[in-house]
Amino acid sequence: MALPFKVYRSCPSLLQYSSKAAGAVLQQRTNAWWSQVELGPPDVILGVSEAFKRDTDPKKINLGVGAYRDDNGKPYVLPSVRKAEELMMSKNLDHEYAPIGGSAEFCKEAANLAFGEGNEYVKNNLNATVQGISGTGSLRIGAAFLSKFFPGNKVVYMPSPTWGNHGPIFKHAGLDVASYRYYDKNTCGFDFQGAMDDIKNIPDKSIILLHACAHNPTGVDPKPEQWKEMSQAIKSKNIFPYFDMAYQGFASSDFDQDAMPIRQFLADGHQIALAQSFAKNMGLYGERAGAFSLTCISKEEAERNMSQIKILIRALYSNPPIHGAKIASTVLTTPDLKTQWIGEVKGMANRIISMRKQLQDNLVQLGSSRNWQHITDQIGMFCFTGLNPQQCEKLTKDFHVYLTKDGRISIAGITTKNVNHLAQGIHECSK
Amino acid sequence: MLAVFQAGGVQGLSGTGSLRLAMTFLKEQCGAKACLNSKPTWGNHLLMFRHLHYEDIREYRYWDPSTKGLDFSGMLVDFRAAPDKSVVVLHACAHNPTGVDPSHEQWKDICKVVQEKKFYVIFDCAYQGFASGDLDKDAWAVRYFVSQGVELFIAQSFAKNFGLYNERVGNLCVVAATPDALERIKSQVKLIVRGNYSNPPAHGARVVNTTLRDPELYSEWKGCIKTMANRVLAMRKALRDRLEALGTPGKWNHITDQIGMFSYTGLTQAQVAYLVEHYHIYLMKSGRVSMCGLSTSNLDYVAKAMHDAITKITT
């Protein structure tokens, strides 16, 4: 796609004329330039998908990728989203630059979805909300803002484990990272006591990263009462909560339920930052629709914050890509489409929930002596199976099931057609 | 044909995002400390370098107000005065904001100095095709540098030449001497992408890709570019003709000598303020005019207004 280069190759006279000179010059310069640039480590999850592609076994299963698949293992374009896209395209809109903060309509709808219909933030202009490049880009905007303006301890405490990209995002913005206990590998559940103990030891005025729902990679979420206690502990230490919500609606199928921790914290009087993604719940993965929000104490504070956020965005990429955000806001502002969409998200969430149940039932039926309760206790796209790296390797080698070494599987990759094979494999590898 | 160079690309968020990737890579992976920007340049270049905490943000002389053209000797002096291995941002064509581009001979000299100083080169290529109407003509400087063995970065934007402004379609083209170097550079750039936004938006890139790969659409697109560029060229000529016909003080050849969307007219701040207040004509304090804002229906009005401003306000 590199225009100058592509057309350049069709100008041989230019090359031939100067190739000798160029060769001599290259000799001098080849060693001088890039010797200190190391080959970057390959993406772990991509590596899993690539190994899966190379495998020719018909029974192979890809449980690495964190994207929803239907019961045939195919990507699912939500019909409501497709309709919204067609509706939007039929308007023959121009492609003039979006405002730096993106589509105002999209930002308003995103905030309403997160904070609740009729929430006081949007009503009273107390939120500074901007379009971000899906969840990652929204996290990055917040990271840039915190790096520049956070008046406290510029360290982000992340749950252990967390999504592999959280660390790099914060570090790129110049923030330090640390962790708090989260996953209990003995129970394959939430280490509530460990989390609370660690929170109490976080220096006052630090930043804490919280997964609003469907924790990635474990699938382990705190219970509502636990969220309440965490909120109090975090408030008493004046720690700033930064929520990452990539699965609203997708986790329990209920948008309000999935956003509950955020609304709990707001009700408890926290000011928060929030990164939202529409990649999963609208299937808009490649269109990068997301939003970053700060809740503020006054309209004036929101305006000041907005002005600074826009400067940060300007220096990153000027203004955001509009296509995905327009589709999302069309869905959210067209009553029929919104209703249809909610139903389709329910469908996705329910398929995931039923696959969890089937996998668990199959393991029990196969006579596994291990406790597989966590498969249905955990929520969202991912499940931390509890398998160790050696067991994972065996699962891949002997059963052609592809997953990450930490034992994480994407439930979205399970279908009624492959769940038996998967259960057999897990059973054999965990005996 | 010798495959002397290796070129590859990483999709970027239009021109800005592609520039940002190159600037970030050079700072983080190559320890770049100093950067050189034309005086004046697109304001966002400087903002980006500042946000990336480059230690030494310099300007090289470019706009010569006395000739309303290029301060070529000043440019080379400033290049030579900068530290070796500085990052230099060069505008591939249609310089923003002045519209003043170096001649081919001047580009050759610039290339020699760039090589002498071992500068890291980032070409900002936001107007290919849009400047002269010809894709190859507008890429001349870039291709010349590559032919001379300069390893470089090109931040390509498809905002203007495809009119896909809000879809953020761009490409960071990397030209390296060996396949190994190219792979290493790309792998690091991809890590920067991953840590900033994971992966780029699909829609706009799909449109561009479809067009570039379909011979008929490609041909049609080239026609569209010519149309756009020709309209701008026509407006430049028409404005200059009117100003000269009105006997507006000063020389007006720069309006047609300059190229691309913008023109540094030479209007002073006071004259600009006058135009805004009295004629409701909006332009930058620097005297930069976007030629795209001119049309056959407003040319007379604008020319008369400029004439009035220049004769009334002599400071």
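A.B. asks: Got a sec to walk through the overall build of chain A? Specific residues and values, please.
C.D. replies: In terms of regular secondary structure, chain A is built from 18 helices and 13 strands. For 431 residues, the compact-globule estimate of 2.2 N^0.38 gives 22 Å, and the C-alpha radius of gyration of chain A, at 24 Å, lies within 12% of that figure. Each of the 431 residues in chain A was classed as buried or not, and the buried ones make up 58%. Put simply, 75% of the contacts in chain A that link residues at least 6 apart link residues at least 24 apart. A total of about 18100 Å² of accessible surface is found on chain A, and carbon and sulfur atoms cover 52% of it. In chain A, 47 positive and 41 negative side-chain charges are present, and the distance between their average locations comes to 5 Å.

A.B. asks: Tell me what's going on with the packing of aromatic side chains, and back it up with residues and numbers.
C.D. replies: Residues and elements named next belong to chain A. For the structure on display, the rule yields 37 aromatic pairs over all chains. Between Phe115 and Tyr121 the ring centres are 5.6 Å apart and the planes differ by 50 degrees, which places this aromatic pair in the tilted class. Just as Phe115 is buried, Tyr121 falls in that class too. For the ring pair Tyr242 and Phe292, a centre distance of 6.0 Å and an interplane angle of 70 degrees mean the geometry is edge-to-face. Taken together, the positions of Tyr242 in strand E8 (residues 240-245) and Phe292 in strand E10 (residues 289-295) put the pair 50 residues apart, joining distant regions of the chain. With a relative accessible area of 0%, Tyr242 lands in the buried category. The class of Phe292 is buried, set by a relative accessible area of 1%.

A.B. asks: Tell me about the interface of chain A and chain B, and name the residues and values.
C.D. replies: At the junction of the two partners, chain A supplies 63 residues and chain B supplies 77 residues. Interface area for chain A against chain B, summed over the two sides, is near 6100 Å², with a carbon-plus-sulfur share of 60%. Counting across the chain A and chain B interface gives 2 salt bridges. The salt bridge involving Glu287 of chain A is made with Arg206 of chain B; its shortest N-O contact spans 4.0 Å. Seen at the junction of chain A and chain B, the total is 27 residue pairs in polar contact (both at pLDDT 80 or more). When residues of the side of chain A that touches chain B are traced back to their parent elements, those giving at least two are helix H1 (3-8), helix H2 (12-33), helix H7 (134-149), helix H8 (166-172) and helix H13 (299-317) of chain A. At 12 residues, H2 of chain A tops the list of elements feeding residues into the side of chain A that touches chain B. A breakdown of the residues in the side of chain A that touches chain B according to their chemical character gives 36 nonpolar, 15 polar and 12 charged.

A.B. asks: Describe in detail unusual backbone geometry, supporting the description with residues and values.
C.D. replies: With an omega dihedral of 20 degrees, the bond running from Asn216 of chain A to Pro217 of chain A counts as a cis peptide bond. Structurally, Pro217 of chain A is set in the loop between strand E7 (207-211) and helix H10 (224-236). The phi dihedral of Ala214 of chain A falls on the positive side, at around 55 degrees, and the residue is not glycine. Among the structural elements, Ala214 of chain A can be located in the loop between E7 and H10. Assessed through its relative accessible area of 2%, Ala214 of chain A is described here as buried. With a phi close to 60 degrees, Ser14 of chain B is a non-glycine residue in the positive phi region. Examined against the element boundaries, Ser14 of chain B turns out to sit in helix H1 (residues 14-30). A relative accessible area of 2% means that Ser14 of chain B is categorised as buried.

A.B. asks: Give me the lowdown on the layout of surface pockets, citing residues and values where you can.
C.D. replies: Residues and elements named next belong to chain A. Counted as a void, the second largest pocket has a volume near 650 Å³. If you go around the second largest pocket, you meet 33 residues; those closest to its centre are Asp221, Pro222, Lys223, Asp377 and Ile379. Within the residue set of the lining of the second largest pocket, elements represented by two or more residues are strand E6 (189-190), H10, helix H11 (255-258), helix H12 (260-267), helix H15 (335-365) and helix H16 (373-377). A class-by-class count of the residues in the lining of the second largest pocket yields 16 nonpolar, 12 polar and 5 charged.

A.B. asks: Any details on the pattern of salt bridges? Residues and values, ideally.
C.D. replies: Residues and elements named next belong to chain A. Applying the stated criterion across every chain yields a total of 25 salt bridges over all chains. Note that Arg82 is salt-bridged to Glu85, the shortest N-O span being 3.3 Å. Taken together, the residues span about one helical turn, with Arg82 and Glu85 both in helix H4 (residues 79-90) at a distance of 3 residues. For Glu85, a relative accessible area of 18% translates into the label buried. It is possible to trace a salt-bridge network through shared partners that takes in Asp71, Arg351 and Lys417.

A.B. asks: Break down helix H9 (residues 192-201) of chain A for me, with residues and values.
C.D. replies: Buried within H9 of chain A we find Phe192, Gly194, Ala195, Met196, Asp198 and Ile199 of chain A. Buried residues in H9 of chain A make contact with strand E4 (176-181), E6, E7 and H10 of chain A.

A.B. asks: Which residues make up the sheet that holds strand E2 (residues 127-133) of chain A, and what values go with them?
C.D. replies: All names here are of chain A. Across the sheet, which stays open at both edges, the 7 strands sit in the order E2-E10-E9-E8-E7-E3-E4 with mixed pairing between neighbours. Of all the strands in the sheet, the pair left with one neighbour each is E2 and E4. On average, each strand axis in the sheet is tilted by 25 degrees relative to the strand beside it, whichever way the strands run. In terms of strand pairing, strand E3 (residues 155-160) meets E7 through 2 bridges, oriented parallel. Bridging across to E7, Tyr157 finds its partner in Ile208. Relative to the sheet, helix H5 (residues 104-115) contacts E2, E8, strand E9 (273-277) and E10, its axis offset from that of E2 by approximately 110 degrees.

A.B. asks: For the confidence of the model for chain A, give the residues involved together with the corresponding values.
C.D. replies: For chain A, per-residue confidence averages 92 on the pLDDT scale, and residues scoring 70 or more make up 93% of the total. Overall, residues 1-31 of chain A carries pLDDT values under 50, and its contacts beyond four positions in sequence, including any with other chains, amount to 62 contacts.

A.B. asks: Any details on the sheet that holds strand E8 (residues 152-157) of chain B? Residues and values, ideally.
C.D. replies: Residues and elements named next belong to chain B. Judged by pairing direction, the sheet is mixed, and its 7 strands sit side by side in the order E1-E9-E8-E7-E6-E2-E3 without closing on themselves. This sheet does not close on itself; its edge strands, each paired only once, are strand E1 (6-13) and strand E3 (56-61). Mean inter-strand twist for the sheet, computed between neighbouring axes without regard to direction, equals 25 degrees. Taken together, the 5 bridges between strand E7 (residues 120-125) and E8 define a ladder with parallel strand orientation. Along E8, the bridge assignment pairs Val121 with Leu152. Relative to E8, H1 is tilted by about 155 degrees, and along the sheet it contacts E1, strand E6 (87-91), E7, E8 and strand E9 (169-176).

A.B. asks: Residue-level account of the packing of helix H8 (residues 203-213) of chain B against helix H9 (residues 215-246) of chain B, with values.
C.D. replies: Residues and elements named next belong to chain B. Where H8 contacts H9, the two axes come as close as 5 Å, and the packing angle between them is 100 degrees. Relative to H9, the element H8 lies roughly perpendicular. Counted together, Thr210, Thr211, Leu212 and Arg213 of H8 and Pro215, Leu217, Tyr218 and Trp221 of H9 form the full contact between these two elements. By residue class, the composition of the contact of H8 with H9 is 5 nonpolar, 2 polar and 1 charged.

A.B. asks: Describe in detail the packing of H15 of chain A against helix H18 (residues 419-430) of chain A, supporting the description with residues and values.
C.D. replies: Residue and element names in this part refer to chain A. Running from N to C, H15 and H18 cross one another at 50 degrees; their axes reach a closest spacing of 9 Å. By the angle between their axes, H15 is oblique relative to H18. Crossing of H15 against H18: the hand is right-handed. Mapping the contact onto sequence places Gln358, Leu359, Asn362 and Leu363 in H15 and Val419, Asn420, Leu422, Ala423, Ile426 and His427 in H18. When grouped by side-chain class, the residues that make up the contact of H15 with H18 number 6 nonpolar, 4 polar and no charged.

A.B. asks: Could you give an account of the pairing of E7 of chain A, with specific residues and numbers?
C.D. replies: Residue and element names in this part refer to chain A. For E7, the tally of buried residues reaches 5 of 5 residues, placing the bulk of the element in the interior. The alternating pattern of E7 places Ile207, Leu209 and His211 and Ile208 and Leu210 on opposite faces, both of which are buried. Across 5 bridges, E7 lies against E8 in parallel orientation. Residue pairing across strands places Leu210 opposite Phe243, the latter belonging to E8.

Calculation rules
- Residues numbered from 1 in each chain as written.
- Chains lettered and ligands numbered in written order.
- Predicted model: local features only at pLDDT ≥ 70, side-chain atom pairs only at ≥ 80, totals over all residues.
- Heavy atoms only, no water.
- Helix = DSSP H or I, 4+ residues; strand = E, 2+ residues; numbered from the N terminus.
- Rg over C-alpha atoms; globule rule 2.2 N^0.38 Å.
- Buried < 20%, exposed > 50% of the residue type's maximum accessible area, 1.4 Å probe, protein only.
- Contact = heavy atoms within 4.5 Å.
- Areas by Shrake-Rupley, 256 points an atom, 1.4 Å probe, with all protein chains shown as cover.
- Lys, Arg positive; Asp, Glu negative; His and termini not counted.
- Charge placed at Lys NZ, Arg CZ, Asp CG, Glu CD.
- Phe/Tyr/Trp six-rings, centres within 6.5 Å; stacked < 30°, edge-to-face > 60°.
- Buried area = accessible area lost by both parts, 1.4 Å probe.
- Salt bridge = Lys/Arg side-chain N within 4 Å of Asp/Glu carboxyl O.
- Polar contact = N/O pair within 3.5 Å; in protein donor to acceptor, adjacent residues only side chain to side chain.
- Nonpolar A, V, L, I, M, F, W, Y, C, P; charged D, E, K, R; others polar.
- 1 Å grid on protein atoms, 1.4 Å probe; cavity = no way out; pocket = protein on both sides within 12 Å on 5 of 7 lines; lining within 4 Å.
- Points joined across faces, edges and corners; volume = space filled by probe spheres on them.
- Pairing = 2+ DSSP bridges.
- Axes fitted to C-alpha atoms, helices over the stretch in contact; angles between N-to-C directions.
- pLDDT = per-residue confidence, 0-100.
- Parallel < 35°, antiparallel > 145°, perpendicular 65-115°, else oblique.
- Left-handed = near helix turned anticlockwise from the far one by under 90°.

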